[in-house]
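# Coordinate inspection notes
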Amino acid sequence: MKQDSIKKLKKIIKICIWLFMFPFLYYACNWGEFLEIDGCMDHGEVWDYHEKRCRADCVLWREDLGCVHMDEEMLTLFEACAKRLPSCDSERLDVLFIEQCYRYKKAYTLDDGYCDFDFKLEDCGKLEGNWLYPPACDEQK
């Protein structure tokens, strides 16, 4: 009876070791990339999962959209405003963000000041709050 208990305990210990080893090995093998991604975000940049590099020219990166690019004017204004330089024109930057949002056929909330990249055209006119809908919404009517 005591031998059976010891065998069961050994089996449980082996299973536990295997269950903890797989995630550990996965993270150990990918640790360098995790550190790169973390460092990238610490510097206010975006990690491009396709190109496996840090990017300063993206507002965000998503699997379905890839890199949501900032053009040269937008990038210059964004950096100036982030560093609180006199060349910062936050009103122009807001206009550029709205235009970018429209290029991706997404809605822009005036309440919170961001582009909803999860927006779908079938949601035109259905969102609560103060939204700017892309011109594509007018074309659907």
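The paragraphs below set out a description of the structure included in this document. All figures in this text were calculated on a predicted structure; none of them were measured in a lab. (Residues numbered from 1 in each chain as written. Predicted model: local features only at pLDDT ≥ 70, side-chain atom pairs only at ≥ 80, totals over all residues. Heavy atoms only, no water.)

## Examining the packing of helix H3 (residues 72–82) against helix H4 (residues 90–103)
Running from amino to carboxyl end, H3 crosses H4 at an angle of 135°, the nearest separation of the two axes being 10 Å. Here H3 is positioned oblique relative to H4, judged by the angle of their axes. Along this stretch, H3 crosses H4, giving a crossing that reads as left-handed. Every residue of H4 that contacts H3 at Glu73, Met74, Leu77, Phe78 and Cys81 is listed here: Ser90, Arg92, Leu93, Leu96, Phe97 and Gln100. (Axes fitted to C-alpha atoms, helices over the stretch in contact; angles between N-to-C directions. Helix = DSSP H or I, 4+ residues; strand = E, 2+ residues; numbered from the N terminus. Parallel < 35°, antiparallel > 145°, perpendicular 65-115°, else oblique. Left-handed = near helix turned anticlockwise from the far one by under 90°. Contact = heavy atoms within 4.5 Å.)

## Concerning the sheet that holds strand S6 (residues 114–116)
Spatially, the three strands line up as an open sheet ordered S6-S5-S7, and their pairing is antiparallel. Two strands bound the open sheet, and with one partner strand each, they are S6 and strand S7 (131–132). As defined by bridge partners, strand S5 (residues 107–109) adjoins S6 across three bridges and the pair is classed as antiparallel. Looking at S6, one finds that Tyr108 is bridged to Cys115. (Pairing = 2+ DSSP bridges.)

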